[in-house]
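Coordinates in review
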Amino acid sequence: MSPEDYILPGMPNLHSHAFQRAMAGQVERATGNKDDFWSWREKMYDYANRITPDQLQAITAQVFMEMLKSGYTSVAEFHYLHHTGQRQPGVPSTEMADAVIAAAEETGIGLTLLPVLYMTADFDRPQPLPEQARFVNDMDGFLSLFARLRDRQDDKVKTGVAFHSLRAVPERSLLEVLRILTEEDIDCPIHIHIAETRKEVEACTGFYGLPPVRWLFENVDIDRRWCLVHATHLTGWEVNKLSMSDCVAGLCPTTEANLGDGIFRFGDFLTGNGKFGIGSDSNISVSPVEELRWLEYGQRLITNRRNISATGTEPHVGASLWDSAARGGARALGSTKYNPGAEDSPDLIVLDGDHPLLYGKPAQDIIDSFVFSGNDNLVKNVKAGGQWVVRDGVHIIEQGISARYKKTIKELNH
């Protein structure tokens, strides 16, 4: 390393749907109707229902490689693309999950694989839509899939549980999975999409009599295992309860902006010392820097103030955001300890101190400059799981990964 280079802890990516990288940029044409999350979802279904296991591995390897190059060193894959076209009723397949694991092993990124329980179309629609068939498992199928994936855990691949959302998982099924985890003494991450859109909040309130985050806190023991993804539309009670809990808010600002979801009440959340991490979600962008910028800038726009994310102990906004997101992300991925970014850490990134955006700046301003200046990728080297996987901005097997990805994209778009 150059004497000017700067070491930071690698960033955990706490929420990803890898396959959606293939459709990035292809849902930006107005339809003439109201374009929102729900119209975007129709395009997503179209892609999801055409992807084969080999194509999924190629797409996932590409996006995992991009994550590493940008400074993510581990990822929680919220995996609901479960079944192949040859699915037999009641028989869970691991082919698609195997493709995700193979992509992680190939690229070197740390993986927390979260098989997703997905059962219903909506609160009051128990039958899933035909286009959701690849996502759906019954309880026995899901538990079998979870058990088979847990048997494959090792130092680099962990397994947790995800509930797609309250609209897609009935109360009895959610509580049954939690009961089994407790009975079998399984301590693992638990993630859920929640309160992402106003329509979802209204539907949940109409069905359960409570908005989704409040319903969850009043019916479930929300502890350090939990990651509440999005939590965009919250009441004051919910913001306060979430910020004072041990769980992590999983924030995905670029996707939330791209889909028109809304802006998380981050300033109020920080007042209660809430724990948070960031995710690339739909992978419209694969950059922790952009997620953190959107997180801060969104608050500046709605409050007409600057430096919202600074704290009493850390006045530098970039440094505060990076450290807090790395800590929260590590918890959400089930890591037992926070990586401080020391030279002997298994997960770290090295910034290019010779780059004009960083060169000659005081050490205390380096992270702020990394997060808030320019659009160049300032990540030079990356170590994940104790192995150097990116050197001088290039992944060690980049050429082969990119070639397979290009072939796959050509197949999907023709």
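Placed above this text is the structure.
Report on the accompanying structure. For clarity, every value in this text was computed on a predicted model and none was experimentally measured.

Section: unusual backbone geometry
Excluding glycine, residues mostly have negative phi values, and the peptide bonds linking residues are mostly trans. Backbone geometry at Ala-231 places phi at a positive 45 degrees, although glycine is not the residue there. With respect to the helices, strands and loops of the structure, Ala-231 is situated in the loop between β8 (226–230) and α8 (236–244). On the accessibility criterion, Ala-231 (0% relative accessible area) is buried. Residue Asp-392 is not a glycine yet carries a positive backbone phi of 50 degrees. By secondary structure assignment, the location of Asp-392 is in the loop between β13 (387–391) and β14 (394–395). Among the residues examined, Asp-392 registers a relative accessible area of 59% and is labelled exposed.

A word on the environment of Asp-221
Counting through the fold element by element, Asp-221 comes out in the loop between α7 (212–219) and β8. Sequence separation between Asp-221 and Lys-158 is 63 residues, and the spatial gap between their C-alpha atoms is 22 Å.

Focus: the packing of helix α4 (residues 139–150) against helix α5 (residues 171–183)
The N-to-C vectors of α4 and α5 enclose an angle of 35 degrees; their axes lie 12 Å apart at closest approach. Between α4 and α5 lies a crossing of right-handed hand. For the pair α4 and α5, contact is made by Met-139, Phe-142, Leu-143 and Phe-146 and by Ser-173, Glu-176, Val-177, Ile-180 and Leu-181, respectively.

A short note on the state of the cysteines
Counted by the stated rule, this structure contains zero disulfides. Between Cys-188, a cysteine without a disulfide, and Cys-227, which holds the nearest cysteine sulfur, the sulfur-to-sulfur distance is 13 Å. Among the residues examined, Cys-188 registers a relative accessible area of 4% and is labelled buried.

So, empty space enclosed by the protein
Taken as a whole and assessed by the stated rule, the structure comprises four cavities of 30 Å³ or more. The space that makes up the largest cavity amounts to roughly 170 Å³. Phe-37, Trp-40, Tyr-80, His-164 and His-193 are, among the 19 residues lining the largest cavity, the residues nearest its centre. Sort the elements by how many residues they give to the lining of the largest cavity and helix α1 (residues 37–48) lands first, with five residues. Partitioning the lining of the largest cavity into residue classes produces eight nonpolar, seven polar and four charged. Estimates place the volume of the second largest cavity at around 70 Å³. Contributing to the lining of the second largest cavity are Gln-20, Met-23, Ala-24, Gly-25, Gln-26, Val-27, Glu-28, Trp-40, Asn-258, Ser-282 and Ile-284. When the residues that make up the lining of the second largest cavity are grouped by side-chain class, the tally is five nonpolar, five polar and one charged.

Things to note about the packing of aromatic side chains
What the rule picks out here adds up to 16 aromatic pairs. Seen from their ring centres, Phe-37 and Trp-40 are 5.9 Å apart, and the 35 degrees between their planes marks the pair as tilted. Of this pair, Phe-37 and Trp-40 both sit in helix α1, three residues apart, roughly one helical turn. Among the residues examined, Phe-37 registers a relative accessible area of 8% and is labelled buried. Residue classification places Trp-40 among the buried positions, given a relative accessible area of 10%. Cation over ring: Arg-214 sits above Trp-237, and NZ or CZ is 3.9 Å from the ring centre.

Quick word on helix α11 (residues 288–303)
Taking 1.5 Å of rise per residue, the 16 residues of α11 would be expected to cover 22 Å, and the 23 Å separating its terminal C-alpha atoms lies within 8% of that figure. Among the residues of α11, those classed as buried are Pro-288, Val-289, Glu-291, Leu-292, Arg-293, Leu-295, Glu-296, Gly-298, Gln-299 and Arg-300. Asn-304 sits one or two positions beyond α11 and adopts a positive phi of about 60 degrees.

Describing the sheet that holds β14
Here we have five strands laid out as an open sheet, ordered β1-β11-β12-β13-β14, and antiparallel in their pairing. Since the sheet does not close on itself, it has two edges, and those belong to β1 (6–9) and β14, each with one partner. Looking at chain direction, β1 and strand β11 (residues 348–351) are connected through four bridges and run antiparallel. Among the inter-strand pairings, Pro-9 is bridged to a residue of β11, identified as Leu-348. Taken strand by strand, helix α2 (residues 53–70) contacts β12 (379–384), β13 and β14, and its axis lies near 115 degrees from that of β12.

The rules behind each value
- Residues numbered from 1 in each chain as written.
- Predicted model: local features only at pLDDT ≥ 70, side-chain atom pairs only at ≥ 80, totals over all residues.
- Heavy atoms only, no water.
- Helix = DSSP H or I, 4+ residues; strand = E, 2+ residues; numbered from the N terminus.
- Buried < 20%, exposed > 50% of the residue type's maximum accessible area, 1.4 Å probe, protein only.
- Axes fitted to C-alpha atoms, helices over the stretch in contact; angles between N-to-C directions.
- Left-handed = near helix turned anticlockwise from the far one by under 90°.
- Contact = heavy atoms within 4.5 Å.
- Disulfide = S-S within 2.5 Å.
- 1 Å grid on protein atoms, 1.4 Å probe; cavity = no way out; pocket = protein on both sides within 12 Å on 5 of 7 lines; lining within 4 Å.
- Points joined across faces, edges and corners; volume = space filled by probe spheres on them.
- Nonpolar A, V, L, I, M, F, W, Y, C, P; charged D, E, K, R; others polar.
- Phe/Tyr/Trp six-rings, centres within 6.5 Å; stacked < 30°, edge-to-face > 60°.
- Lys NZ or Arg CZ within 6 Å of the ring centre and 35° of its normal.
- Expected span 1.5 Å × (residues − 1).
- Pairing = 2+ DSSP bridges.

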